[in-house]
Protein chains: 2
Amino acid sequence: MTNPFPIPPEYREVSTADLAMIASDLPNVADRIGGPSSALHVTEVSDGNMNAVWRITGPEGSVIAKQALPYIRVIGQSWPFPVDRITYEHRALSVQARHVPQYLPRVYDYLPDLGLLFMQDLTPHVVLRHGLIAGTHYPKLASDLGEYLARSLFYTSDMHLGTVQKNMLADAFSGNAHLCETTQDVVFTGPYWDAPLNRITQGQQARADALRADVPLKLAIAELKHIFCTSAEALIHGDLHTGSVMVTAEDTRVIDPEWSFIGPMGFDIGALLGNLLLSYFSQKGHTTGADDRGAQRKFLLDTIVGVWTAFDTGFRQLCRTKPGPLLHQKVLSETDQGAFVDRRLAAIFSDTLGFAGAKMIRRIIGISHVEDFEMITDIPLRATCEAGALDLARQLVLDRTRLAGPQDVVSLARQIDGTYPARNRP
Amino acid sequence: MTNPFPIPPEYREVSTADLAMIASDLPNVADRIGGPSSALHVTEVSDGNMNAVWRITGPEGSVIAKQALPYIRVIGQSWPFPVDRITYEHRALSVQARHVPQYLPRVYDYLPDLGLLFMQDLTPHVVLRHGLIAGTHYPKLASDLGEYLARSLFYTSDMHLGTVQKNMLADAFSGNAHLCETTQDVVFTGPYWDAPLNRITQGQQARADALRADVPLKLAIAELKHIFCTSAEALIHGDLHTGSVMVTAEDTRVIDPEWSFIGPMGFDIGALLGNLLLSYFSQKGHTTGADDRGAQRKFLLDTIVGVWTAFDTGFRQLCRTKPGPLLHQKVLSETDQGAFVDRRLAAIFSDTLGFAGAKMIRRIIGISHVEDFEMITDIPLRATCEAGALDLARQLVLDRTRLAGPQDVVSLARQIDGTYPARNRP
């Protein structure tokens, strides 16, 4: 298949040997790892669906190199994809570094001709999704991610910026349109018809068919897709699932903003909460004789409440301390501004729930699934776990304006989960 | 005051003598007017607030020349304004010419270095606002403007375009940010505090004070301002009042899209309906012994219903015949698509009413007023007319999600107008 996207003329897929040479020539990278290229050790550590990733280790330290391929890595040349997505990742990391450097990998260098980004090696961090599957608690996770969301979204929105600044930011990301279109397709369209690459767990066909025939749901999803297309609220990460977060007990980093664009805030918050809910519903597939995962389920629900609460608190605080022209002090008193922010947060919460539900559904009946469920080898049990997640997701989408706060979501999740007993639970 | 906006290096304010020379050198212009520059007659016909406008007449015809000045014409050098606004006007006319050429002035040439645009001389057209003040009926007006709105908005929206095309369009207009900021200020901010350039009719202070202390109103206006800033629905005209429409009994043309950007559809429709409502409330100030303006008032209310109905019909038709990726046939049946479009139109109607109300209020207690009221020399009568308009406007803003259709607006307008008897009516 011919690649329809422009590829930089100097572009080539780099090899491990190339990388040692390239890295040792870049002062900011060489400073981190030390030694000549012959002293460097390069290992491929590709993990996500999209890109090639290496760890480069030298006498003094290590860095991560990430290259965008002209196609989707896990699929191959048959699905061409724009190399310049990594330019937007680099750009998003640069913008966000002004507001949330403590929650990002540090960037050492970027070579646009090769679509090659050199970043901090986050060690001993693990991918949050894997940590949650393993049953690990992260006590700082909720407050860290809530603050990341509050600051990264507020500072790039009309709540803070004037229109000239906001439009310049929008211009810097509008070229990432093919990735936006792909998101629209895989999240809001593909799951709702028999798209050729959709997958489902065995035994799930009747549920998938029911969702694909569910007109109120499909209309609500179309409305969410319209919001995704038209609501230019803030610079969003665009793919903030639990595979885009790296954690230790003390530290939280958000990686991979290659899908970033100026979009609705609720899409980021919803992606995160939706994936935490997927983890919640998957837990009964990960029980062992020693661990019934009750504590982990509680931790996940607490984290959902905690993320929203920290976001809400941080966002309100920033609206008070760093207001832009939209919060005009001559027109709105401090109390009135608070009331306006209340309304904005209610709207963001409603979007959040809708997008959370859409993200959950697409990970169960769409093209791309999550390890939280895929690692459950007992297929009927996996299907039971997924069924609860689908029920909640549908209700989040349909009732997104009626649920008042995260506690309502948690109650609903508990209630629905209770209706699906785990036949295989010890 | 130093001008903070870039001015093209070759820019100068042109004179009538310049214009004859320039026009005769431009083949597309010379073709329209004929003759050497010595045979041309140039008359300044500036009318709007912003720009300088001339009619250039030659042996074979006439054209209009319009130059953007580096300041607001009616205010002067003390209010600098970007010359490149006319680049966006030219660009908007070019985009719209693909969809609604029959409702636009034809463009003959554009000289960006001089911010100078050569357009069709619309004769014998008059400015719609003046025609309405004079008591003239325009039988085709409602269907023409409804079709202009349906086509110009649909074809530049996500209902038709894919994201790549939509983002390219957004990029082409994002540089017009200063004009967006000015709109935000004069429509949504200035009227709601004692901004230095606000004006009111004598006797109106208590009403202005009441509106400026009306917290529910100000919160609803802040929400509308947020929609204006973030809702990237379509390429909108951005200033579609009755002074931006030129008419005869048979022909309707929309001029002056210098405020254009990718914004909410309801801002254009609301500007138009709001200005028709201002005309309605002004009519009792324009009665004569021979004409009580009853027929004109009915014509205006019929036009309001007719514009919305024609927009609604045309927009639905285009969604059926030219759907874009948002209206995905594999997901939504024809009936479901209809239901989705119903919801979109309900949301657009609600935005329309809010913006209509905001535009009405700003023309009575803000910086820039309308001749519909200003030409009423009996000041108490003018204040009475304005009072009805303000009452309706406030209700449109507050009840914008509760009014179901244009007929509700018309009933409300009639009812409110009835509570303000014209003391001076003959």
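Residues numbered from 1 in each chain as written. Chains lettered and ligands numbered in written order. Predicted model: local features only at pLDDT ≥ 70, side-chain atom pairs only at ≥ 80, totals over all residues. Heavy atoms only, no water.

Remarks on the sheet that holds strand 2 (residues 52-57) of chain A
Residues and elements named next belong to chain A.
At step 1: Read from one edge of the open sheet, five strands run 1-2-3-7-6, paired in antiparallel fashion. Two strands close off the open sheet at either side, each with one partner strand: strand 1 (41-44) and strand 6 (107-111). With direction set aside, neighbouring strand axes in the sheet form an average angle of 20°.
At step 2: For strand 2 and strand 3 (residues 62-67), the ladder comprises six bridges, and the chain directions are antiparallel. Bridge pairing in strand 3 places isoleucine 56 opposite valine 63.
At step 3: Contacts from helix 3 (residues 85-97) reach strand 3, strand 6 and strand 7 (116-120), with the element oriented near 35° to strand 7. (Pairing = 2+ DSSP bridges. Helix = DSSP H or I, 4+ residues; strand = E, 2+ residues; numbered from the N terminus. Axes fitted to C-alpha atoms, helices over the stretch in contact; angles between N-to-C directions. Contact = heavy atoms within 4.5 Å.)

A closer look at the packing of helix 11 (residues 294-321) of chain B against helix 12 (residues 334-365) of chain B
Residues and elements named next belong to chain B.
At step 1: At a minimum axis separation of 11 Å, helix 11 and helix 12 run at an interaxial angle of 145°. Considering only the axes of helix 11 and helix 12, their crossing is right-handed. Residues Trp308, Phe311, Asp312, Phe315, Arg316 and Cys319 of helix 11 lie in contact with helix 12, whose contacting residues are Gln337, Gly338, Val341, Asp342, Leu345, Ile348, Phe349 and Thr352.
At step 2: Partitioned by chemical class, the residues of the contact of helix 11 with helix 12 number eight nonpolar, three polar and three charged. (Left-handed = near helix turned anticlockwise from the far one by under 90°. Nonpolar A, V, L, I, M, F, W, Y, C, P; charged D, E, K, R; others polar.)

Description of the environment of Met265(A)
Residue and element names in this part refer to chain A.
At step 1: Following the sequence through the fold, methionine 265 ends up in helix 10 (residues 265-282).
At step 2: Methionine 265 gets classed as buried once you look at its relative accessible area, which sits at 3%.
At step 3: On a C-alpha basis, the gap between methionine 265 and isoleucine 348 in space is 6.6 Å, while along the polypeptide they are 83 residues apart.
At step 4: Contacts of methionine 265, omitting those with residues within four sequence positions, involve Leu153, Ser157, Glu233, Ala234, Ile236, Phe315 and Ile348. (Buried < 20%, exposed > 50% of the residue type's maximum accessible area, 1.4 Å probe, protein only.)

Re the relation of the copies chain B and chain A
At step 1: With an RMSD of 0.0 Å, the operation that places chain B on chain A is a rotation of 180° combined with a shift of 0.0 Å along the axis. Those values place the two copies in the arrangement expected of a two-fold rotation axis. Measuring from the rotation axis to each C-alpha of chain B, the shortest distance belongs to Ser231(B), at 2.6 Å.
At step 2: Both copies contact each other with a shared surface, as 100% of the interface residues of chain B are interface residues in chain A too. (Least-squares fit on C-alpha atoms with pLDDT ≥ 70 in both.)

A word on the packing of aromatic side chains
At step 1: The final tally for this structure, using the stated rule, is 28 aromatic pairs over all chains.
At step 2: Between the aromatic rings of Phe188(A) and Phe228(A), the centroid separation amounts to 5.5 Å while the plane-to-plane angle is 50°, which identifies the pairing as tilted. Separated by 40 residues along the polypeptide, Phe188(A) in helix 7 (residues 177-189) and Phe228(A) in helix 9 (residues 215-230) bring together distant segments of the chain.
At step 3: Taking relative accessible area as the criterion, Phe188(A) reaches 3% and is therefore assigned buried.
At step 4: Judged by relative accessible area, which is 2%, Phe228(A) ranks as buried.
At step 5: Ring centres of Tyr280(B) and Phe281(B) lie 5.1 Å apart, and the angle between their planes is 85°; this geometry places the pair in the edge-to-face category. Of the two residues, Tyr280(B) and Phe281(B), both sit in the buried class.
At step 6: Among the aromatic residues, those joined into a cluster by ring pairs are Phe154(A), Tyr155(A), Trp308(A), Phe311(A), Phe315(A) and Phe349(A). (Phe/Tyr/Trp six-rings, centres within 6.5 Å; stacked < 30°, edge-to-face > 60°.)

Points about the domain arrangement of chain A
It is common to give the size of an interface as the accessible area that goes away when the parts come together.
Residues and elements named next belong to chain A.
At step 1: Per the domain assignment, the segments of chain A are domain 1 (16-120) and domain 2 (126-418).
At step 2: Inter-centroid distance (C-alpha atoms) of domain 1 to domain 2 is 27 Å.
At step 3: Between domain 1 and domain 2, the contact holds 24 residues from the first and 31 residues from the second.
At step 4: When the two sides are added together, the surface that domain 1 and domain 2 hide from each other amounts to roughly 2,400 Å², 61% of it contributed by carbon and sulfur.
At step 5: Three residues, Tyr88, His99 and Tyr103, lead the burial of domain 1 against domain 2; their summed loss comes to 29% of the area buried on that side.
At step 6: At the boundary of domain 1 with domain 2, the tally comes to two salt bridges.
At step 7: Here lysine 66 ties to aspartate 256 by a salt bridge, and the two come within 2.5 Å at their closest N and O atoms.
At step 8: Put simply, domain 1 and domain 2 have ten residue pairs in polar contact (both at pLDDT 80 or more) between them.
At step 9: Sort the elements by how many residues they give to the side of domain 1 that touches domain 2 and helix 3 lands first, with eight residues.
At step 10: Here the side of domain 1 that touches domain 2 is built from residues that sort into 13 nonpolar, six polar and five charged. (Domains from an automatic or database assignment. Buried area = accessible area lost by both parts, 1.4 Å probe. Salt bridge = Lys/Arg side-chain N within 4 Å of Asp/Glu carboxyl O. Polar contact = N/O pair within 3.5 Å; in protein donor to acceptor, adjacent residues only side chain to side chain.)

Re the sheet that holds strand 10 (residues 245-247) of chain A
Within a beta sheet, neighbouring strands are joined by backbone hydrogen bonds and run either parallel or antiparallel to one another.
Residue and element names in this part refer to chain A.
At step 1: The three strands are arranged 8-10-11 in an open sheet whose pairing can be described as antiparallel. Every other strand in the sheet has two partners, leaving strand 8 (126-127) and strand 11 (252-254) as the edge strands with one partner each.
At step 2: Relative to strand 11, strand 10 is paired through three bridges, and the arrangement is antiparallel. The residue bridging valine 247 from the neighbouring strand is threonine 252, located in strand 11.

A short note on empty space enclosed by the protein
At step 1: All told, the structure shown has five cavities of 30 Å³ or more when counted by the stated rule.
At step 2: The calculated volume of the largest cavity comes to roughly 570 Å³.
At step 3: Lining the largest cavity we find 34 residues, and of these Ala170(A), Ala232(A), Ile262(A), Ala170(B) and Ala232(B) sit closest to its centre. (1 Å grid on protein atoms, 1.4 Å probe; cavity = no way out; pocket = protein on both sides within 12 Å on 5 of 7 lines; lining within 4 Å. Points joined across faces, edges and corners; volume = space filled by probe spheres on them.)

Concerning the interface of chain B and chain A
At step 1: In this complex, chain B contributes 41 residues to the contact, which on the side of chain A involves 41 residues.
At step 2: Of the roughly 3,700 Å² buried at the junction of chain B and chain A (both faces included), carbon and sulfur atoms supply 61%.
At step 3: Counting the surface chain B buries against chain A, the share from its top three residues, Leu219(B), His226(B) and Val331(B), is 15%.
At step 4: In this assembly, chain B and chain A are joined by two salt bridges.
At step 5: Salt-bridge contacts for Arg344(B) lead to Glu223(A); the nearest nitrogen and oxygen are separated by 2.7 Å.
At step 6: Where chain B touches chain A, the interface holds 20 residue pairs in polar contact (both at pLDDT 80 or more).
At step 7: The set of elements that each furnish at least two residues to the side of chain B that touches chain A consists of helix 6 (163-174), helix 7 (177-189), helix 9 (215-230) and helix 12 of chain B.
At step 8: For the side of chain B that touches chain A, the leading source of residues is helix 9 of chain B, giving ten residues.
At step 9: Looking at the side of chain B that touches chain A residue by residue, the classes come out as 18 nonpolar, eleven polar and twelve charged.

Concerning the pairing of strand 5 (residues 76-80) of chain B
Residue and element names in this part refer to chain B.
At step 1: Bridge analysis of strand 4 (residues 71-72) against strand 5 gives two bridges, and the strand direction is antiparallel. Across the sheet, tyrosine 71 pairs through a bridge with proline 80, a residue of strand 5.
At step 2: Between the end of strand 4 and the start of strand 5, which pair antiparallel, lie three residues.

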